[in-house]
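One letter stands for each residue in the lines below.
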Amino acid sequence: MMLKNSGFIVLVFGILCCSCDSNRVFDEYKSVPNQWHKDSIISFKVTPPDSTNAYNLFVNLRNTNAYKYSNLFLIVEMSYPNGKTVKDTLEYKMAAPNGELLGTGFTDIKENKLWYKGYNAPFIFNESGEYKINIQHAMRENGQVYGVENLEGITDVGFRVEYTNPN
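Parameters at a glance
- Just so you know, the residues in each chain are numbered from 1, in the order the chain's sequence is written.
- Given that the model is predicted, a residue must reach a pLDDT of at least 70 before its local features are reported, and side-chain atom pairs must reach 80 or more before they are shown or counted; all residues, however, enter totals for whole chains, interfaces and linings.
- Calculated side-chain values reflect all of the structure's heavy atoms, with hydrogen atoms and water omitted.
- Between buried and exposed lies partly exposed: a residue is buried under 20% and exposed over 50% of the maximum accessible area for its type, with that area taken using a 1.4 Å probe on protein chains only.
- Whether two strands pair depends on DSSP finding at least two bridges between them.
- Every helix listed is a DSSP run of H or I at least four residues long, and every strand listed is a run of E at least two residues long, numbered separately from the N terminus.
- Here an axis means a line fitted to C-alpha atoms, over the contact stretch when the element is a helix, while the angle between two N-to-C directions is reported on a 0 to 180 degree scale.
- Only the six-membered ring of Trp is used, alongside the rings of Phe and Tyr, when aromatic pairs are assigned; centres must lie within 6.5 Å, and planes under 30 degrees apart are stacked while those over 60 apart are edge-to-face, with the rest tilted.

Asker: Residue-level account of unusual backbone geometry, with values.
Answerer: Notably, N34 is not glycine yet its phi reads approximately 60°, a positive angle. Classification of N34 as exposed rests on a relative accessible area of 73%.

Asker: Go over the pairing of strand β6 (residues 85-93) with me, naming the residues and quoting the values.
Answerer: Looking at chain direction, strand β5 (residues 71-79) and β6 are connected through 9 bridges and run antiparallel. Bridged to N71 within β6 is K93. Between β5 and β6, which follow one another and run antiparallel, lie 5 residues, and G83 among them has a positive phi close to 105°.

Asker: Explain the sheet that holds strand β7 (residues 110-117) to me, and be specific about the residues and the numbers.
Answerer: With antiparallel pairing, the 4 strands of this open sheet are ordered in space as β1-β10-β4-β7. Edge positions in the open sheet fall to β1 (24-31) and β7, since each of these has one partner strand only. For this sheet the average axis-to-axis angle between neighbouring strands, irrespective of direction, equals 20°. In this structure, strand β4 (residues 55-63) lies alongside β7, joined through 7 bridges in antiparallel fashion. Bridge pairing in β7 links L61 to N112.

Asker: Lay out the packing of aromatic side chains in plain terms, naming residues and giving numbers.
Answerer: The full count for this structure, using the stated rule, is 11 aromatic pairs. Ring geometry for Y55 and Y163: centres 5.5 Å apart, planes at 35°, overall tilted. Of this pair, Y55 sits in strand β4 while Y163 sits in strand β10 (residues 154-163); the two residues are 108 residues apart in sequence, bridging distant segments of the chain. Assigned by exposure class, Y55 and Y163 land together as buried. Here the aromatic rings of W115 and Y119 are separated by 5.3 Å at their centres, their planes lie at 70°, and the arrangement is edge-to-face.

Below is the structure:
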């Protein structure tokens, strides 16, 4: 009985330690059913706590071994509360030169935390209110005009906002 209780205590302590994330302001994922269609836009609504602090922004992805590309192109659009819209086309490295998928994870699911804004210059939400972030893939096969219609291997797309300095 004592062994069962100590194992349970260790498990609870481990979960508590891993779940403490003082940098996190916003962190949400949305599942991609089977394949990510090129016209499918994944949206997030973020209301930052203030308009004075600096933040780092990330696109988070979970992918399986079914993802067959070495890179990933995304179109990320941020709509500000007062109507301004900023659209970026971004490229991320997803595999090492030997073909091994990058990211963290011990199973065939890898998690990638990809910089969106804040890497060299922290991002400030300078308008108070709700921001909307739209994310869609923009993958193309080499030499092809039309994009990859159904991108395989992406299981979840997320968006994360962190404080630049831990609280």
